[in-house]
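Observations on chain architecture
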Amino acid sequence: MRLDKFLANENIGSRKAVGLLVRSGAVTVNGQAVRKADLQIDAQADCVCVNGTPVRYNAHVYIMLHKPAGVLTATRDSRAQTVLDLLPPAMRRRGLFPAGRLDKDTTGLLILTDDGDYAHRMLAPKSHVIKRYEAVLDLPADGADQARFAAGIQSGDDCFAPARLEICEADPHIVWVEIREGKFHQVKRMFRACGKNVTALKRLSIGTLPLDAALRPGEARVLSEKEAMLVFAGKAEQIRRKE
Ligand code: URA
């Protein structure tokens with residue numbers, strides 16, 4: 001792999017910025033100062049340092065995006081802006097895709113990755129990964145809705161597994177929902193089955209990974225591998241606690 005590509009992939013900077021960095025003499029490969037950005041390196045075996053700090057090779061990248069409303073969860077679209085379009089150039093990598101989807105009007109936590117196994121595991125129904133949402137409803141939620149969510153909802157052809165519904169005491173139009181499936185329009189359809197409409201929906205967490213409160217809508221940051229794996233953490237305990 002080219003040195004500049006490696007450094008850009010590891011989010012040291014854009015291809016152009018890392019080219020300048022290499023030419024400035026700030027980069028060493030196996031202890032030797034190098035000044036050629038197109039130098040071929042073995043990303044797994046060679047030790048690359050920037051200003052003396054080793055750059056770790058990550059086979060995959062995991063990005064947390066605070067998805068704003070009005071943006072499509074897709075890699076590319078001829079007309080609409082997609083979540084991939086929101087990423088700063090330094091974060092873009094070939095093969096990135098959204099792990100799961102949020103509706104165009106839904107906001108909140110979305111993970112983008114180039115790791116197909118990770119996405120598959122996160123989305124597989126048998127993984128029971130819990131997704132937590134905050135929703136605003138057109139009508140106040142009540143105990144009957146909570147009981148229906150807790151029992152699982154069967155409505156027409158729709159069948160949803162038990163889910164947890166918390167109601168805001170100060171304003172019962174505001175609710176928090178935890179689901180462990182990821183069916184199309186699931187939260188909205190569950191409330192429709194209870195005769196209510198969701199007027200705003202935001203994903204707050206996946207597993208034990210919360211949306212970073214420092215990220216404003218449209219902003220993204222690279223997750224450490226440890227953070228990315230939090231989506232799989234604590235789920236058995238959560239399910240036991242909530243059923
Ligand atoms: N449920 C929905 O209805 N929409 C989303 O975007 C996510 C979950």
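Details of the structure are given in the entry above.
These lines cover the structure that appears in this document, whether it is placed above or below. Owing to the predicted nature of the structure, the values given are computational and were not obtained by experimental measurement.

Looking at the overall build of the protein chain
Within the protein chain, the regular secondary structure consists of seven helices and 15 strands. With respect to the principal axes defined by its C-alpha atoms, the protein chain has extents near 70 × 40 × 35 Å. Per-residue burial for the protein chain yields a buried fraction of 44% across its 243 residues. Residue pairs at least 24 apart in sequence account for 63% of intrachain contacts in the protein chain once pairs closer than 6 positions are excluded. In the form shown here, the protein chain has an accessible surface area of approximately 12,600 Å², with 52% of it arising from carbon and sulfur atoms.

Topic: the site of the ligand
Residues in close proximity to the ligand include Leu102, Asp103, Thr106, Tyr133, His185, Gln186, Val187, Lys188 and Leu201, which together make up its full environment. Asp103 places a side-chain nitrogen or oxygen 2.7 Å from a nitrogen atom of the ligand. Here a nitrogen atom of the ligand sits 3.1 Å away from a polar atom, N or O, in the main chain of Val187. Considering the ligand on its own, with 240 Å² of exposed area, one finds that the protein chains cover 96% of that surface.

Let's talk about the side chain of Arg132
As for its placement among the helices and strands, Arg132 is situated in strand β8 (residues 131–137). Here the side chain of Arg132 touches Glu178 through a polar contact of 2.6 Å, side chain to side chain. The contacts of Arg132, once residues within four sequence positions are left out, are Glu166, Trp176, Val177, Glu178, Lys202, Arg203, Leu204 and Ser205.

Overview of the packing of aromatic side chains
Per the stated rule, a full pass over the model turns up four aromatic pairs. Considering the side-chain rings of Phe6 and Tyr57, the 6.4 Å spacing of their centres and the 20° angle between planes classify their relative orientation as stacked. Here Tyr57 lies in the loop between β4 (53–54) and β5 (62–67) and Phe6 lies in helix α1 (residues 3–9), a separation of 51 residues in the sequence. Classification of Phe6 as buried rests on a relative accessible area of 1%. Considering the side-chain rings of Tyr118 and Phe232, the 5.5 Å spacing of their centres and the 80° angle between planes classify their relative orientation as edge-to-face. Placement of Tyr118 in helix α3 (residues 116–123) and of Phe232 in the loop between α6 (225–228) and α7 (235–242) is noted, with a sequence separation of 114 residues between them. Assigned by exposure class, Tyr118 and Phe232 land together as buried. Among the aromatic residues, those joined into a cluster by ring pairs are Tyr62, Tyr118 and Phe232. Stacked on the ring of Phe232, the Lys or Arg Arg121 has its end atom at 3.7 Å from the ring centre.

Section: the nonpolar core
In this structure, Phe149 and Phe191 are the most contacted members of the largest nonpolar core, which totals 32 residues. Among the secondary structure elements, those contributing two or more residues to this core are β5, β7 (107–113), β8, β12 (174–179), α5 (186–193) and β13 (198–206). If we skip the residues at most four places from it in the chain, Phe149 touches Ala161, Pro162, Ala163, Leu165, Val177, Met190, Phe191 and Cys194. Among the nonpolar cores identified, the runner-up in size contains 17 residues, and Ala99, Ala119, Leu215 and Leu223 belong to it.

What counts and what doesn't
- Position numbers for residues start from 1 in each chain and track the written sequence from start to end.
- In view of the model being predicted, local features appear only for residues whose pLDDT reaches at least 70, and side-chain atom pairs are presented and counted only at 80 or more, with totals across whole chains, interfaces and linings using the full set of residues.
- As a rule here, side-chain values cover all heavy atoms of the structure and leave hydrogens and water aside.
- Each helix is a run of DSSP H or I of at least 4 residues and each strand a run of E of at least 2, with the numbering of both proceeding from the N terminus.
- Only protein chains enter the area calculation, which uses a 1.4 Å probe; residues under 20% of their type maximum are buried, those over 50% are exposed, and those in between are partly exposed.
- Any two residues whose heavy atoms approach within 4.5 Å at even a single point are treated as in contact.
- Calculation of accessible area relied on Shrake-Rupley with a 1.4 Å probe; when residues are assessed, cover is drawn exclusively from the protein chains displayed.
- Any residue with a heavy atom lying within 4 Å of a molecule or strand is counted as near it.
- What qualifies as a polar contact is a pair of N or O atoms within 3.5 Å, subject to a donor-acceptor requirement within protein and to the restriction that residues adjacent in sequence count only when both atoms come from side chains.
- Ring geometry is summarised as follows: Phe, Tyr and Trp rings, the Trp one being its six-membered ring, pair when their centres sit within 6.5 Å, and such pairs are stacked at plane angles under 30 degrees, edge-to-face over 60 and tilted between the two.
- Working rule: Lys NZ or Arg CZ, within 6 Å of ring centre, within 35 degrees of ring normal, means a charge sits over the ring.
- Residues grouped as a nonpolar core are buried Ala, Val, Leu, Ile, Met, Phe, Trp, Tyr and Cys residues, joined through side-chain atoms within 4.5 Å.

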